[in-house]
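# Secondary and tertiary structure notes
Listed below, chain by chain, are the residues.
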Amino acid sequence: MKFAITSKGDAKSNALMHKMRTYLKDFNLEYDEKEPEIVISVGGDGTLLYAFHRYSSRLSKTAFVGVHTGHLGFYADWVPDEIEKLVIAIAKTPYQIIEYPLMEAIIRYKNGGRETRYLALNESTVKSVDGTLVMDVEIRGQHFEVFRGDGLCLSTPSGSTAYNKALGGAIIHPSLPSIQLAEMASINNRVFRTVGSPLIMPAHHTCMLKPVNRSDFMITIDHLTLVHKDVKSIQYRVADEKIRFARFRPFPFWKRVHDSFIDG
Ligand code: NAP
């Protein structure tokens, strides 16, 4: 089997990466950064986001596993002390695969510019480059509201514990293919009105944002931030693709939520 390892880049993660690489090679696994069947991310959830984007063109052929060198992560749930156990499990056991939903974002541009498509593992946020964000929000082809405020966040179920949570969004179990829209400081008064609550949409619904006045936006896809100019619309929906995690032992999602936010 072919494997690759991505590291957060700090000394502790790099040392662990080298150790795991040696152990896995000792088990006759082949190191292949281009076409790995399993990608081990060493660092934190941010490192797994990076690994996901690096290998997003071969998601159906790659499984991910995360080791954390800091605090417990949602994607990185193995601790450095367990790497011998993990290496043996990777080398010997046919492992179980669990799949989590992803979100597709399609950005279309004015004046016939070519559309761009992204996949997000956590979320995509939209903010104005300058001034208040004003967006028409359409759900399933129907006008829903005009949003005025700091920004909007569309997240996946596994991303619901990240930025979305800080915005008061719900935590969604990753077995529910859905996307969640959360507001960032909406303006609500006698003139302007938004729903105010996070909205959770099923896989067959599309959420479209259409600029009302300005057309340049700061759009994030997970850890990547880009300024997009002359934007006509941003369309979000549950992606057809999924991320595959290699699972070697049960670690229920709600236990991870408990251990991360209540009592680790
Ligand atoms: P960062 O600012 O260095 O780290 C953001 C924090 O979010 C890290 O502690 C990271 O965990 C954690 N995180 C990432 N994915 C998570 C998930 N699915 N559930 C719970 N926590 C998660 O940025 P980064 O490492 O490049 O990560 C980008 C992410 O930062 C974005 O996708 C966004 O979700 C998040 N973010 C959050 C806020 C906020 O909460 N106000 C604001 C901006 C961005 P690790 O330490 O394990 O890497």
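Residues numbered from 1 in each chain as written. Predicted model: local features only at pLDDT ≥ 70, side-chain atom pairs only at ≥ 80, totals over all residues.

### Describing helix α3 (residues 83-92)
- Three or more residues of α3 are buried, namely L86, V87 and I90. Looking down the long axis of α3, one finds its buried residues gathered within 100° of arc, a one-sided arrangement. Of the exposed residues in α3, those oriented more than 90 degrees away from the buried face are E84, K85 and K92.
- Against α1 (11-26), β3 (38-43) and β5 (76-78) lie the buried residues of α3. (Buried ≥ 20, exposed ≤ 12 C-beta atoms within 10 Å, placed from the backbone. Helix = DSSP H or I, 4+ residues; strand = E, 2+ residues; numbered from the N terminus. Arc of directions from axis to C-beta. Contact = placed C-beta atoms within 7 Å.)

### Quick look at the domain arrangement of the chain
- What the domain assignment lists for the chain is domain 1 (2-95 + 248-262) and domain 2 (102-240).
- Counting residues at the interface gives 9 residues for domain 1, matched by 10 residues for domain 2.
- Within the residue set of the side of domain 1 that touches domain 2, elements represented by two or more residues are α2 (45-54) and α5 (253-262).
- Looking at which element gives the most residues to the side of domain 1 that touches domain 2, the answer is α2, with 5 residues.
- For the side of domain 1 that touches domain 2, the per-class residue count stands at 6 nonpolar, 3 polar and no charged. (Domains from an automatic or database assignment. Nonpolar A, V, L, I, M, F, W, Y, C, P; charged D, E, K, R; others polar.)

### Let's talk about the site of the ligand
- In the vicinity of the ligand there are 18 residues, among which G44, G46, A162, A166 and H223 approach most closely.
- Listing elements by their share of the shell around the ligand, those giving two or more residues are α2 and α4 (163-166).
- If you tally residues by element for the shell around the ligand, the top one is α2, at 3 residues.
- Looking at the shell around the ligand residue by residue, the class counts come to 6 nonpolar, 9 polar and 3 charged.
- Each of domain 1 (2-95 + 248-262) and domain 2 (102-240) contributes no fewer than three residues to the shell around the ligand. (Near = placed C-beta within 6 Å.)

### Digging into the UniProt feature "active site" (unreviewed entry) in the chain
- According to UniProt, the positions carrying the feature "active site" (unreviewed entry) are D45.
- Tracing the backbone shows D45 in helix α2.
- Judged by the 27 C-beta atoms lying within 10 Å of it, D45 falls in the buried class.
- Not counting chain neighbours up to four residues away, the residues in contact with D45 comprise G73, F74, Y75 and A76. (UniProt positions renumbered as here; feature names shortened; annotations may be inferred.)

### So, the UniProt feature "binding site: NAD(+)" (unreviewed entry) in the chain
- The sites that UniProt annotates as "binding site: NAD(+)" (unreviewed entry) are D45, G46, N122, E123, R148, D150 and A185. Spanning 141 residues, the named residues do not form one spatial group; their C-alpha atoms are separated by as much as 31.1 Å.
- Take R148: it is sitting in strand β10 (residues 142-155).
- For D150, the location among the structural elements is in strand β10.
- The residues contacting D150, other than those within four sequence positions of it, are K127, L133, M184 and A185.

### Quick word on the environment of K61
- Within the secondary structure, K61 sits in the loop between α2 and β4 (63-68).
- Under the C-beta neighbour-count criterion, K61 is labelled exposed, with 12 such atoms within 10 Å.
- Residues K61 and E37, spaced 24 residues apart in sequence, show a C-alpha to C-alpha distance of 5.9 Å.

### Re the environment of R140
- Topologically, R140 is positioned in the loop between β9 (133-139) and β10.
- Between the C-alpha atom of R140 and that of C207, which follows or precedes it by 67 residues, the distance is 6.4 Å.
- With residues near it in sequence (within four places) discarded, R140 still touches H205 and T206.

### Thoughts on the pairing of strand β7 (residues 116-120)
- Alignment of strand β6 (residues 96-109) against β7, held across 5 bridges, turns out to be antiparallel. Within β7, the position partnered with M103 by the bridge is A120.
- Count of turn residues in the β6/β7 antiparallel hairpin: 6 residues, of which N111 carries a positive phi of about 55°. (Pairing = 2+ DSSP bridges.)

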